[in-house]
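Topology and contacts: notes
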Amino acid sequence: MTASQPALGAVAHDELIRPGALLVGTTRRDGTPRISGAEPLVMDGDLWLSMMSASTKARDLHRDRRILLHSIITGPEPAPELKLRGSVREETSPPTLRRYADAVASRLGWQPVVGRFTLFSVDIDEITYIAYDPETGGQHVARWPAGEEYLRPATTPTSLGPPRPVNRILTAD
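Cut-off values and rules
- Residues numbered from 1 in each chain as written.
- Predicted model: local features only at pLDDT ≥ 70, side-chain atom pairs only at ≥ 80, totals over all residues.
- Heavy atoms only, no water.
- Salt bridge = Lys/Arg side-chain N within 4 Å of Asp/Glu carboxyl O.
- Buried < 20%, exposed > 50% of the residue type's maximum accessible area, 1.4 Å probe, protein only.

The next thing to look at is the pattern of salt bridges. Counting across every chain of the model gives twelve salt bridges. Ionic pairing is found between R18 and D14, a salt bridge with its closest N-O pair at 2.4 Å. Classification of D14 as partly exposed rests on a relative accessible area of 34%. Its salt-bridge partner being D64, residue R66 comes within 2.6 Å of it at the nearest N-O pair. Under the relative-accessibility criterion, R66 is labelled exposed at 53%. Take D64: its relative accessible area is 17%, and that puts it in the buried class. Among the charged side chains, a network of salt bridges with common partners joins R85, E126, R143 and E148.

Interpretation in functional terms is not warranted from these geometric data alone.
Put into C-alpha cells, the structure is as follows:
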C-alpha cells in the first residue's frame, strides 16, 4: 500500500505507528467486540503486533484472524483518525522472533523475551482516513483500496452535506 499510495502511507505511519500505541479491535468468542491497546512496529515493510501469549486478544486472533486497528484519539479537538482493517498471520520462526525482539528493544525501548510472546503480521485489506477539514468545517475522507476521497461539508454542528470528490491524499492507481 505504501508504494502505491505514498501520501496515505505517510499519514498511516503518522497516525498509527509514530505515537507508539494504537487500539486493536478483535472479536470475542461470543461475537462481541474487544478493544485493547498494542504497540505497533514496522519491520521489513510489514506491520507487526506482539502480545502476551495467554492474553485474551491473542486468543481472539487465534480463533478469528480479522482485526481492526484504530489511531488513538486523545481529546475532543479535531484530530485525524485512521482505521485499518485486515487479518493477521502468526509468525513462529525463531529467527524472525529474535529480529523482532531486537527491533523492539532498539526502537521501542523494551525487550521482549523470545518464546514469551505471540507475534502477528498484519495483512492490510482496507484503510480509512477521516479528518476535520478547516475550509468546510466538515470531514475529509479517503478510503483505500476503494480509491474514494471526498469532503463532506458541515451543514450544522452535528450534520454533514453530501460528499464532494477531492484529490488530496490518494493518487490514481
